[in-house]
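Listed below, chain by chain, are the residues.
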Amino acid sequence: MGKGFDGARAAEVAAELRETFRSGRTRSLHWRAAQLKALARMIDENEADIAAALYHDLAKPPTESFLHEVPDAPSLKILFALDFTGKGSMPVCSKEIETLDETAEDFTGKGSMPVGSKEIETSYFYYNFSIIRKIVPEPFGVVLVISAWNFPFISLAKEACLFALKKLKRWMKPRKVPTSITTFPSSAKIVPEPFGVVLVISAWNFPFLLSIDPVIGAIAAGNTVVLKPSEVATATSSFLAKNLPQYVDNSCIRVVEGSIPEASALLEQKWDKIFYTGSARVGRIVMAAAVKHLTPLVLELGGKCPVLVDSNVDIKVVAKRIVVGKWGCNSGQACIAPDYIITTKAFAPKLVDALKITLEKFYGKNPLGSTDLSRIVNSSHFTRLKNLLDEEKVSGTIVHGGQEDEKHLKIAPTLLLDVPSDASIMKEEIFGPLLPIITVDDLEHSFDVINSKPKPLAAYLFTKDHKLEKKFVKTVSAGGMLINDAILQVTFPSKIAEVTSLEYLLQFKFCASICMCESLILGTQFTNPHLPFGGVGESGMGSYHGRFSFDAFSHKKAVLSRGFSGEIPMRYPPYTPLKQKVLRGLIAGNILPLLHALVVWPGHQKV
């Protein structure tokens, strides 16, 4: 649906979905669960096509697609190996370990697999997981191998489906709350009910996840939904328009493709909730349209996300985490990507050197040729970034990178030192592979720098100083915060965490160390369904993920229920000073006036 889609067609779609909603079709647990299962099945059965669409739209590296949006093709897999020997290596026999049902290959070719903080450089990643316990003869002791078969690694989108399915019955259940003495005897509860017909407008930078994740919340809450994918990510938009209707209930869930005319036609209609992800500029347009109908909305925007780096940190770890958080996340085209760094003048040279070394290690001496970097989404955004970099007061601050390939829409990871505060790059959200570094005399002065700008969607701090951390959390306002990492904050999606939790491993009383691909042991903020994700101020309003997605699309209806006993005549006219005195006591929470009323005024007596 898209071609020839105008205001009349938009009104027709909205009316059809409203009629379906009023029929009560979407309210049952059965219907909601069926749609969520269908979404999960769509991801399972089309993962290769989704990854191909993401590559077409953004040249997104397969591992990024795997980590951030969908499980990738079976050829991309990751190996998890746990060493319980305490010797810092996993024993291998003829370059492999025979397990109960498969083998775990040693990609180092050295007859052992390094563990702990050491890294394995390999292009092979195992995609499924199973736990295999095996006794290995001395001198190796007991080894637990978590290897590459039988346990599907759950993508963020699919994980959101499964999490909602697991919790849905509990979410839908009315929550009892205490009652007031003034309504005694009574019961009270909060009943979540769907808003009705909702509109989801998604973004292009994570075009699959940012489309499906809000839809999951809308479905879980029992709404009918119109999804408008971003026209910038054409392949992903086409995939959703073609495939989603094949899996879900089309009388309740629709996809509308198109650009500004189609989005405008949709925004002219009356919706019960609008969910928009994108720029603040378009967010204002969406909000203005919602005001006409007094429609509530969630705005997931962005902003300039700061990274504060103290001088007492492990600089090698910090450099890796900043680099993968910036350039390993859609080449900086993410709303929560680090936008600029603030550090002290004395520490800046060391940090710049560490970042340079890490960038070369990750992306090579010719980063424009690296297959591990996404491209810029289109020529318009490429030109915008190029103009930021070519500004006279900015071009001379480049200390690393700056190379451009307009034909392939790539810009090398670029570091800039001490960019003037009045430069355009320091005023607008960068949303690309450029990273300015600002220096201050004292890191605490950076709080004023951050607070002088609009509130960011995310703020990051690297430090070992707990007092500084507390002051940072207390002083800086942001949609969310992360200490000692950048974007990546969760070790495993929940299913993997349940299987490989420390408590589970410790029951075997092994001495364990872990060998993992660093970029995989971390998951984005999206992977923690127990944390809300959303902005504040100009970075957005409202939040979602997990239970918060359900709440975002649910109205919390207050229900107070009373019987016909416990009548208190002083609530009825004619009012007297004595009645007023008793009522004042009741409102103040004093039970004596209530008892007095029940004894003295068993009926409608005159006072």
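Rules used in this analysis
Residues numbered from 1 in each chain as written. Predicted model: local features only at pLDDT ≥ 70, side-chain atom pairs only at ≥ 80, totals over all residues. Heavy atoms only, no water. UniProt positions renumbered as here; feature names shortened; annotations may be inferred. Pairing = 2+ DSSP bridges. Helix = DSSP H or I, 4+ residues; strand = E, 2+ residues; numbered from the N terminus. Right-handed = clockwise from strand over helix to strand, strands pointing away. Patch = residues over 30% accessible without salt bridge, like charges linked within 9 Å, V, L, I, M, F, W, Y side chains within 5 Å. Areas by Shrake-Rupley, 256 points an atom, 1.4 Å probe, with all protein chains shown as cover. Salt bridge = Lys/Arg side-chain N within 4 Å of Asp/Glu carboxyl O. Axes fitted to C-alpha atoms, helices over the stretch in contact; angles between N-to-C directions. Phe/Tyr/Trp six-rings, centres within 6.5 Å; stacked < 30°, edge-to-face > 60°. Buried < 20%, exposed > 50% of the residue type's maximum accessible area, 1.4 Å probe, protein only. Lys NZ or Arg CZ within 6 Å of the ring centre and 35° of its normal. Parallel < 35°, antiparallel > 145°, perpendicular 65-115°, else oblique. Contact = heavy atoms within 4.5 Å. Nonpolar A, V, L, I, M, F, W, Y, C, P; charged D, E, K, R; others polar. pLDDT = per-residue confidence, 0-100.

- The protein chain carries the name aldehyde dehydrogenase (NAD(+)) in an unreviewed UniProt entry, which gives Musa balbisiana as its organism.
- Its UniProt record gives the protein chain the following Sequence similarities (unreviewed entry) comment, quoted word for word: "Belongs to the aldehyde dehydrogenase family."
- In UniProt, the protein chain has this text filed under Catalytic activity (unreviewed entry): "an aldehyde + NAD(+) + H2O = a carboxylate + NADH + 2 H(+)".

## Remarks on the pairing of strand β23 (residues 480–483)
Here is step 1 of the chain: Where strand β22 (residues 458–462) lies against β23, four bridges are found, and the strand directions are parallel. Its bridge partner lying in β23, A459 is registered against M481.
Here is step 2 of the chain: Once the chain exits β22 it traverses helix α15 (residues 466–475) before rejoining the sheet at β23, and the crossover so formed is right-handed.

## A short note on a nonpolar patch on the surface
Here is step 1 of the chain: A cluster of nonpolar residues, M287, V291 and M541, forms a patch on the protein surface that exposes about 240 Å² of accessible area.
Here is step 2 of the chain: One can find M541 in strand β27 (residues 540–541).

## So, the sheet that holds strand β21 (residues 434–440)
Here is step 1 of the chain: Taken in spatial order, the seven strands make up an open sheet running β17-β20-β21-β16-β15-β22-β23, and their pairing is mixed. Two strands in the sheet have a free side with no partner beyond their single neighbour: β17 (398–400) and β23. Neighbour-to-neighbour, the strand axes of this sheet turn through a mean angle of 25°, independent of strand direction.
Here is step 2 of the chain: Bridge analysis of strand β20 (residues 414–417) against β21 gives four bridges, and the strand direction is parallel.

## Thoughts on the packing of aromatic side chains
Here is step 1 of the chain: Scanning the model with the defined rule gives nine aromatic pairs in all.
Here is step 2 of the chain: Centre to centre, the rings of F275 and Y544 are 4.8 Å apart; their planes meet at 75°, and the pair counts as edge-to-face. On the criterion of sequence distance, the pair formed by F275 in strand β13 (residues 273–277) and Y544 in the loop between β27 and α19 (547–552) is long-range, its members being 269 residues apart.
Here is step 3 of the chain: Residue class for F275 comes out buried when judged on its relative accessible area of 0%.
Here is step 4 of the chain: Aromatic side chains F447 and F472 sit 6.0 Å apart centroid to centroid with 45° between the ring planes, which places their arrangement in the tilted category. Pair noted here: F447 is in helix α14 (residues 446–451) and F472 is in helix α15, with a separation of 25 residues, a long-range link.
Here is step 5 of the chain: Three or more aromatic residues joined by ring pairs form one cluster here, namely F275, F533, Y544 and F553.
Here is step 6 of the chain: Over the aromatic face of Y340 sits the side chain of K453, whose NZ or CZ is 5.8 Å from the ring centroid.

## Considerations on the packing of helix α3 (residues 47–58) against helix α7 (residues 234–247)
Here is step 1 of the chain: The contact between α3 and α7 brings their axes to 7 Å, and the two run at 150°. The angle between the axes of α3 and α7 places the two elements in the roughly antiparallel class. Across from D49, I50, A53, L54, H56 and D57 in α3, the residues of α7 making contact are T234, A235, T236 and F239.
Here is step 2 of the chain: A class-by-class count of the residues in the contact of α3 with α7 yields five nonpolar, three polar and two charged.

## Quick look at the pattern of salt bridges
Here is step 1 of the chain: Considering all chains together, one arrives at 17 salt bridges under this definition.
Here is step 2 of the chain: Salt-bridge contacts for K158 lead to D44; the nearest nitrogen and oxygen are separated by 2.9 Å. Placement of the pair is K158 in helix α5 (residues 156–172) and D44 in helix α2 (residues 29–45), with a sequence separation of 114 residues.
Here is step 3 of the chain: For K158, a relative accessible area of 11% corresponds to the buried category.
Here is step 4 of the chain: We classify D44 as partly exposed; its relative accessible area is 37%.

## Re the confidence of the model for the protein chain
Here is step 1 of the chain: On average, residues of the protein chain carry a pLDDT of 80, and 74% of them reach 70 or more.
Here is step 2 of the chain: Low confidence marks residues 71–154, where pLDDT is under 50. Its contacts with residues over four positions away, or in another chain, come to 208 contacts.
Here is step 3 of the chain: Contacts of residues 489–524 to residues separated by more than four positions or lying in other chains number 85 contacts, the stretch itself having pLDDT below 50.

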